[in-house]
Amino acid sequence: MLPSLTTSLLLLLLCHQASAGGNGGPSQASQFLDTHNSARSVLRLRPLVWDPLLARYAGSYANRCCGDCALVHTIRG
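Residues numbered from 1 in each chain as written. Predicted model: local features only at pLDDT ≥ 70, side-chain atom pairs only at ≥ 80, totals over all residues. Heavy atoms only, no water.

- The protein has the name Putative Pathogenesis-related protein in an unreviewed UniProt entry, where Cocos nucifera is given as its organism.

**Focus on the overall build of the protein**
Reasoning step 1: A tally of helices and strands in the protein yields three helices and zero strands.
Reasoning step 2: For the protein, restricting intrachain contacts to residue pairs at least 6 apart in sequence, the fraction spanning at least 24 positions comes to 43%.
Reasoning step 3: For the protein, the exposed area adds up to about 6,300 Å²; of that, 61% sits on carbon and sulfur atoms. (Helix = DSSP H or I, 4+ residues; strand = E, 2+ residues; numbered from the N terminus. Contact = heavy atoms within 4.5 Å. Areas by Shrake-Rupley, 256 points an atom, 1.4 Å probe, with all protein chains shown as cover.)

**Brief notes about the confidence of the model for the protein**
Low pLDDT marks stretches whose predicted atomic positions should not be read closely.
Reasoning step 1: Confidence in the prediction for the protein averages 74 pLDDT; 56% of positions are at 70 or higher.
Reasoning step 2: For the protein, the element scoring lowest by mean pLDDT is helix H1 (residues 5–18), at 60; helix H2 (residues 28–42) scores highest, at 88. (pLDDT = per-residue confidence, 0-100.)

**With respect to unusual backbone geometry**
Reasoning step 1: Phi at Arg-44 is positive, roughly 60°, even though this residue is not glycine.
Reasoning step 2: Take Arg-44: it is sitting in the loop between H2 and helix H3 (52–65).

**Focus: the side chain of Asn-37**
Reasoning step 1: With respect to the secondary-structure elements, Asn-37 resides in helix H2.
Reasoning step 2: Here Asn-37 is in contact with Pro-47 and Leu-48, once residues within four sequence places are set aside.

**Quick word on H3**
Reasoning step 1: In this model, H3 (14 residues) spans 20 Å end to end at C-alpha, consistent with the 20 Å of a helix rising 1.5 Å per residue.
Reasoning step 2: Buried within H3 we find Ala-55, Ala-58, Gly-59, Tyr-61 and Cys-65. All buried residues of H3 lie within an arc of 165° about the axis, which places them on one face of the element. In this structure, H3 carries Leu-53, Arg-56, Asn-63 and Arg-64 as exposed residues pointing more than 90 degrees from its buried face.
Reasoning step 3: Of the residues flanking the start of H3, the one acting as N-cap is Asp-51, its side-chain oxygen 3.0 Å from the backbone nitrogen of Leu-53. (Expected span 1.5 Å × (residues − 1). Buried < 20%, exposed > 50% of the residue type's maximum accessible area, 1.4 Å probe, protein only. Arc of directions from axis to C-beta. Polar contact = N/O pair within 3.5 Å; in protein donor to acceptor, adjacent residues only side chain to side chain.)

**So, the environment of His-36**
Reasoning step 1: With respect to the helices, strands and loops of the structure, His-36 is situated in helix H2.
Reasoning step 2: With twelve residues separating them along the chain, His-36 and Leu-48 place their C-alpha atoms 8.1 Å apart.

**Examining the packing of aromatic side chains**
Reasoning step 1: If you walk through the whole model with that rule in mind, you get one aromatic pair.
Reasoning step 2: Note on Tyr-57 and Tyr-61: the rings are 6.3 Å apart at their centroids and 25° apart in plane angle, and the pair reads as stacked. On the criterion of helical spacing, the pair formed by Tyr-57 and Tyr-61 is a turn pair, its members being four residues apart in helix H3.
Reasoning step 3: Classification of Tyr-57 by relative accessible area gives partly exposed; the value is 39%.
Reasoning step 4: Owing to a relative accessible area of 11%, Tyr-61 belongs among the buried residues under this scheme. (Phe/Tyr/Trp six-rings, centres within 6.5 Å; stacked < 30°, edge-to-face > 60°.)

As structure tokens, then:
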């Protein structure tokens, strides 16, 4: 089962916000990925990797949408 786009964006936003910790230890984003990838390895799935460009896009999208909280899909084309 694949996660919905909304779920994926929410997880990315969570990681994006968590990655700004700066306390010298592992970021919450890497902790999230490590835990998630451990579960994926049990299923013999490839590990996920952090994509800073996607994180910036998700943060920008969240900032644009935070005023009305109307999470709707954008249709392009």
